[in-house]
Amino acid sequence: MTTMSKKGKGTATGKIILMGEHAVVHGEPSIAIPFPEAAVEAVVCPLDGPAELDCYYHQGAMSDAPITVANLITTIETTLKRLDQPLKNFKLTIQSTVPPERGMGSSAAVAVAIVRALHDYFDRALTTEDLLELVGVSEKIAHGNPSGLDAIMTSSRTPIYYIKGQPFIPFPLKIRAYLIVADTGVMGETKEAVGDVMQLLKQEPEKTQDALHRLGNLAKQAKTAIEADQPENLGQQMNEAQQLLKELTVSSERLDTFVAAALASGALGAKLTGGGRGGCMIALATEKETAEQIEQALIEAGAANTWIYKMGDEEIG
Ligand code: MEV
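Residues numbered from 1 in each chain as written. Predicted model: local features only at pLDDT ≥ 70, side-chain atom pairs only at ≥ 80, totals over all residues. Heavy atoms only, no water.

Looking at an unreviewed UniProt entry, the protein carries the name Mevalonate kinase, with the source organism given as Pisciglobus halotolerans. Quoted verbatim from the Pathway (unreviewed entry) field of UniProt, the annotation for the protein is "Isoprenoid biosynthesis; isopentenyl diphosphate biosynthesis via mevalonate pathway; isopentenyl diphosphate from (R)-mevalonate: step 1/3." (UniProt positions renumbered as here; feature names shortened; annotations may be inferred.)

Here's what the structure looks like:
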């Protein structure tokens with residue numbers, strides 16, 4: 001008989017990479033934002049017998065995202081090992097509104113929520129370092145060679161400026177602008193895209209290194225544009241980043257169509273976000289009305305889901 005009666009709870013948010021995806025894997029800077037409009041909640045309840053797992057995804061069944069399933073199991077097993085607890089006598093329920101494999105950090109967000117919920121259930125303290133280490137194990141399965149950005153971002157409430165291997169820097173967004181986020185509805189296969197960029201580095205080292213470095217420089221310039229509240233500059237930098245991401249082969253026809261539709265509807269800039277090859281696109285606008293026009297154009301272009309995100313309202317701390 002189990003003696004525990006309390007529940008354990010853990011949450012995490014989705015994330016948006018504003019600048020520096022892929023380049024961040026290779027040591028270049030990046031900027032990312034928590035995206036609470038899409039979130040995960042994991043709840044652990046006592047149960048006699050073998051552990052049970054229930055998952056509810058807002059879009060797409062679990063079987064649509066096999067990588068995520070592997071992640072779940074790895075995260076649960078690794079965390080229980082750390083906590084010195086057996087795989088029994090609890091039920092774990094996961095509810096997620098972060099669409100899987102869309103560059104919004106679904107795999108990391110699910111792992112963060114699980115690690116937090118299990119620690120809460122077993123009344124164990126969890127440091128940020130331990131959390132990132134535990135999530136890192138399953139992120140290796142999801143991304144092959146993760147930069148660590150998704151794990152940090154889905155567990156944080158603060159936008160960050162991040163270079164792999166360095167402490168992340170909380171980065172208040174002092175810009176008056178809206179991001180229009182559109183889901184292509186296509187699975188992104190981040191692991192494959194990250195692996196293909198690695199191949200390109202081997203096949204065309206100079207050209208690829210140059211593109212990655214320019215993406216990193218754009219992230220630095222975007223930091224300056226955000227600090228100076230210069231949305232036009234940020235939009236231009238997003239457009240340049242999209243061209244470089246295309247060169248790296250991580251865009252797709254559908255993403256390009258979405259980018260074109262957003263720009264034609266008044267966006268200051270538009271680019272893919274996350275791993276690419278599908279997943280999501282972000283566009284920038286300063287006026288709410290323009291943001292709504294862009295959103296409408298993206299719906300007409302076939303977006304599976306859209307969001308309008310107001311920058312600058314994030315919690316800092
Ligand atoms: C995926 O959300 C972002 C990538 O840069 C991979 C990573 O940072 O691990 C493509």
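Once the structure has been displayed, the description carries forward.
Caption draft 1: Quick peek at the pattern of salt bridges. Counted under the stated rule, the structure contains 15 salt bridges. Ionic pairing is found between Asp-123 and Lys-6, a salt bridge with its closest N-O pair at 3.4 Å. Of this pair, Asp-123 sits in the loop between α2 (106–121) and α3 (128–143) while Lys-6 sits in the segment before β1 (8–19), and the two are 117 residues apart along the sequence. According to the relative accessible area criterion, Asp-123 is exposed, its value standing at 60%. A residue is classified by how much of its surface remains accessible, and Lys-6, at 28% relative accessible area, is partly exposed. Linked by salt bridges that have partners in common, Lys-6, Asp-120 and Asp-123 make up one network. (Salt bridge = Lys/Arg side-chain N within 4 Å of Asp/Glu carboxyl O. Helix = DSSP H or I, 4+ residues; strand = E, 2+ residues; numbered from the N terminus. Buried < 20%, exposed > 50% of the residue type's maximum accessible area, 1.4 Å probe, protein only.)

Caption draft 2: View of the sheet that holds strand β7 (residues 178–183). Read from one edge to the other, the open sheet built from 4 strands follows the order β8-β9-β7-β10, with strand pairing classed as antiparallel. At either margin of the open sheet sits one strand with a lone partner, and together these are β8 (269–273) and β10 (305–310). Ignoring which end each strand starts from, the neighbouring axes of this sheet average 20 degrees apart. The pairing of β7 with β10 spans 6 bridges and is classified as antiparallel. (Pairing = 2+ DSSP bridges. Axes fitted to C-alpha atoms, helices over the stretch in contact; angles between N-to-C directions.)

Caption draft 3: Main features of the domain arrangement of the protein. Domain annotation of the protein identifies domain 1 (8–162) and domain 2 (173–310). Taking only C-alpha atoms, the centre of domain 1 and the centre of domain 2 are 24 Å apart. Every contact between the two is made by 34 residues of domain 1 and, on the other side, 44 residues of domain 2. Across the domain 1 to domain 2 interface the summed buried area is about 3,300 Å²; carbon plus sulfur atoms make up 69%. For the interface between domain 1 and domain 2, the tally reads 2 salt bridges. (Domains from an automatic or database assignment. Contact = heavy atoms within 4.5 Å. Buried area = accessible area lost by both parts, 1.4 Å probe.)

Caption draft 4: Quick peek at a nonpolar patch on the surface. There is a patch of nonpolar side chains on the surface, built from Leu-53, Val-69 and Ile-73 and spanning about 200 Å² of accessible area. Mapped onto the secondary structure, Leu-53 falls in strand β3 (residues 52–57). You can call Leu-53 partly exposed: its relative accessible area is 34%. (Patch = residues over 30% accessible without salt bridge, like charges linked within 9 Å, V, L, I, M, F, W, Y side chains within 5 Å. Areas by Shrake-Rupley, 256 points an atom, 1.4 Å probe, with all protein chains shown as cover.)

Caption draft 5: Region of interest: helix α9 (residues 288–300). Given a rise of 1.5 Å per residue, 13 residues ought to cover 18 Å, and the 18 Å separating the end C-alpha atoms of α9 matches this to within 8%. Within α9, the full set of buried residues consists of Thr-290, Ala-291, Ile-294, Glu-295, Ala-297 and Leu-298. One face of α9 carries all of its buried residues, which in axial projection span an arc of 160 degrees. Facing away from the buried side of α9 by more than 90 degrees, the exposed set consists of Glu-289 and Glu-300. Those residues of α9 hidden inside the fold are in contact with β7, α8 (253–264), β9 (280–285) and β10. Immediately beyond the C-terminal end of α9, within one or two residues, lies Gly-302, with a positive phi of roughly 105 degrees. (Expected span 1.5 Å × (residues − 1). Arc of directions from axis to C-beta.)

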